[in-house]
Amino acid sequence: MTLKIASIGEAMLELTHQSPRTLTLGFAGDTLNTAVYLSRLAGNLHQIDYVTRVARDWYSDELLAAIQGEGIDTSLIVRTQSGNAGLYLVRTDTAGERTFTYYRSSSVARGLFGPDQGPELDEHLAGYDIIYLSAISLQILTPGARQRLWTLMERVRSAGGSVIFDSNYRSAGWTTPDEARFAIEETLKRTDIALPTYIDEAQLYGDSSPEATAHRIHGLGVPEIVVKDGRDDCVVRLGNEIFHEPALPVQHVVDTTGAGDAFNAGYINARLGGIPPQHAAAAGHRIAAQVIQMPGAIIPHLKNVQMTPQSLGQSPAAGTRRWQH
């Protein structure tokens, strides 16, 4: 069954340091990274759309061409007459850990779901099977736009669709931590699958462990939760069941940019194939392990990765439009 999947957020220009004074241009953004890897994994099996706003300059033209080149539909991307795309610079240390510098204040994506955008986009997205977004998607929106997005999420779920949310927290993008907590919690209340990262949750909520993060989010009504924890085990919670799935060891980490986004794509793709959460987490680790061995958020290609239930040590299960909670 072909599913309609919409990934919502901000696509940005990515400048990655190759040396102190030499940079390469790429295109990335957390929800875009996930959409790209999901498109590569799913092939033509599902329709994957990216939802954002971009300008009409040369860089935006190149950005759109890059997205289209990944087999992602761009018909829902709004083009504005003025403004520009957001930009960020990446520096990595010898351990592959990255430091970001953002220039996003004038990004046209900040107008997404704003007052100058008619209801046509909302009406179209209300019929989608899956909506995917992140806390960075929420960051760029005004309070009114967030409310409009929450209404859309409710409509999608009422029609039998699902919402997947990565609550990645970047303090620089929020006015106060309280603003971030409110927006994230309101989104989680309308979420079917949460894909948080423990270090972010500990910073924002003071969680003592990934299990504590899963417990807190479960209390907001989210039935399926995967807490990523870098090199350590991820914690999978399905209802009252808790599992640990170890990350794959990687001897030489080059760049951890986009690792969590890649994990999310591997996990979602496996779940779409009817693979249970714990084994889907193993699929997520496989993709993330590839990405951290190359520079940039979006690597040139993924090695052939079998995502069948049998390859992940699980008997086949039929996929459904609603997640198998």
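Residues numbered from 1 in each chain as written. Predicted model: local features only at pLDDT ≥ 70, side-chain atom pairs only at ≥ 80, totals over all residues. Heavy atoms only, no water.

1. Things to note about the nonpolar core
Tyr50, Ile67 and Tyr267 are the most contacted members of the largest nonpolar core, which has 43 residues in total. Secondary structure elements with two or more residues in this core: helix H1 (30-42), strand E4 (47-51), helix H2 (58-69), strand E9 (130-134), strand E13 (234-238), helix H9 (259-272) and helix H10 (277-291). (Core = buried A, V, L, I, M, F, W, Y, C linked by side-chain atoms within 4.5 Å. Buried < 20%, exposed > 50% of the residue type's maximum accessible area, 1.4 Å probe, protein only. Helix = DSSP H or I, 4+ residues; strand = E, 2+ residues; numbered from the N terminus.)

2. Looking at unusual backbone geometry
One non-glycine residue, Phe113, lies in positive phi territory at about 60°. As for its placement among the helices and strands, Phe113 is situated in the loop between strand E8 (98-103) and helix H3 (120-125). Assessed through its relative accessible area of 2%, Phe113 is described here as buried.

3. Considerations on the sheet that holds E9
Ordered by their spatial adjacency, eight strands build an open sheet running E4-E1-E9-E10-E11-E12-E13-E14, and the pairing between neighbours is mixed. Strands at the two margins of the open sheet, each flanked by one partner only, are E4 and strand E14 (241-245). (Pairing = 2+ DSSP bridges.)

4. Focus: the pairing of strand E2 (residues 12-19)
As defined by bridge partners, E2 adjoins strand E3 (residues 22-28) across seven bridges and the pair is classed as antiparallel. When the sheet's bridge partners are listed, Thr16 is paired in E3 with Thr24. With antiparallel pairing between neighbouring strands as the criterion, E2 and E3 make up a hairpin whose turn holds two residues. Taken together, the four bridges between E2 and strand E7 (residues 87-92) define a ladder with parallel strand orientation. Bridge assignment links Glu14 to a residue of E7, and that residue is Tyr88.

5. Quick notes on the pairing of E13
Across the five residues of E13, five count as buried, placing the element largely inside the fold. Here E13 shows no split at all, with Cys234, Val236 and Leu238 on one side and Val235 and Arg237 on the other all buried. Both strand E12 (residues 224-227) and E13 contribute to a ladder of four bridges, which runs antiparallel. Within the sheet, the bridge partner assigned to Ile225 lies in E13 and is Arg237. If you look at the hairpin formed by E12 and E13, you'll find six residues sitting between the two strands, and Gly230 has a positive phi there, around 60°. The loop that links E13 with its antiparallel partner E14 comprises two residues; one of these, Gly239, has a positive phi angle of about 65°.

6. Quick look at the packing of aromatic side chains
Enumeration over the complete set of coordinates arrives at six aromatic pairs. With a centroid separation of 5.7 Å and an interplanar angle of 65°, the aromatic rings of Tyr88 and Phe100 are classed as edge-to-face. Placement of the pair is Tyr88 in strand E7 and Phe100 in strand E8, with a sequence separation of twelve residues. Arranged with centres 6.0 Å apart and planes meeting at 75°, the rings of Trp150 and Phe182 form a pair that is edge-to-face. With a gap of 32 residues between them, Trp150 in helix H5 (residues 143-158) and Phe182 in helix H6 (residues 177-188) connect regions that are remote in the sequence. When its relative accessible area of 4% is taken as the criterion, Trp150 is described as buried. (Phe/Tyr/Trp six-rings, centres within 6.5 Å; stacked < 30°, edge-to-face > 60°.)

7. Comments concerning helix H8 (residues 210-218)
Turning to H8, its buried residues number three or more, namely Pro210, Thr213, Ala214 and Ile217. For H8, the arc enclosing every buried residue in end-on projection is 95°, short of the 170-degree limit, so these residues lie on one face. Taken together, the buried residues of H8 touch H6, strand E11 (193-194), helix H7 (198-205), E12 and E13. (Arc of directions from axis to C-beta. Contact = heavy atoms within 4.5 Å.)

8. Quick look at the sheet that holds E3
If you walk across this open sheet you meet the four strands as E3-E2-E7-E8, and the pairing is mixed. The open sheet has two edge strands, E3 and E8, and neither has a second partner. Adjacent strand axes in the sheet meet at a mean angle of 25° when their direction is disregarded. Here E7 runs beside E8; their pairing, made up of six bridges, is antiparallel. The residue bridging Leu87 from the neighbouring strand is Tyr103, located in E8. Of the strands in this sheet, E2 and E3 touch H2, which is tilted by about 60° from E3. (Axes fitted to C-alpha atoms, helices over the stretch in contact; angles between N-to-C directions.)

9. Some thoughts on the packing of H5 against H6
For the pair H5 and H6, interaxial distance at closest approach is 10 Å and the crossing angle is 15°. Taken together, H5 and H6 sit at an angle that is classed as roughly parallel. Crossing geometry of H5 relative to H6 is assigned as right-handed. Side by side, H5 and H6 meet where Arg146, Trp150 and Met153 of the first sit next to Glu179, Phe182, Ala183, Glu186 and Thr187 of the second. (Parallel < 35°, antiparallel > 145°, perpendicular 65-115°, else oblique. Left-handed = near helix turned anticlockwise from the far one by under 90°.)

10. Focus: the packing of H9 against H10
How two helices pack is summed up by the angle between their axes together with the distance between the axes. At their nearest, the axes of H9 and H10 sit 7 Å apart, and the two run at 140° to each other. The pairing of H9 with H10 is recorded here as oblique in orientation. Of the two elements, H9 crosses H10, and the hand of that crossing is right-handed. When H9 is examined against H10, the residues Ala259, Ala262, Phe263, Gly266, Tyr267, Ala270 and Arg271 are found in contact with a partner set consisting of Pro277, Ala280, Ala281, Ala283, Gly284, His285, Ile287, Ala288 and Val291.

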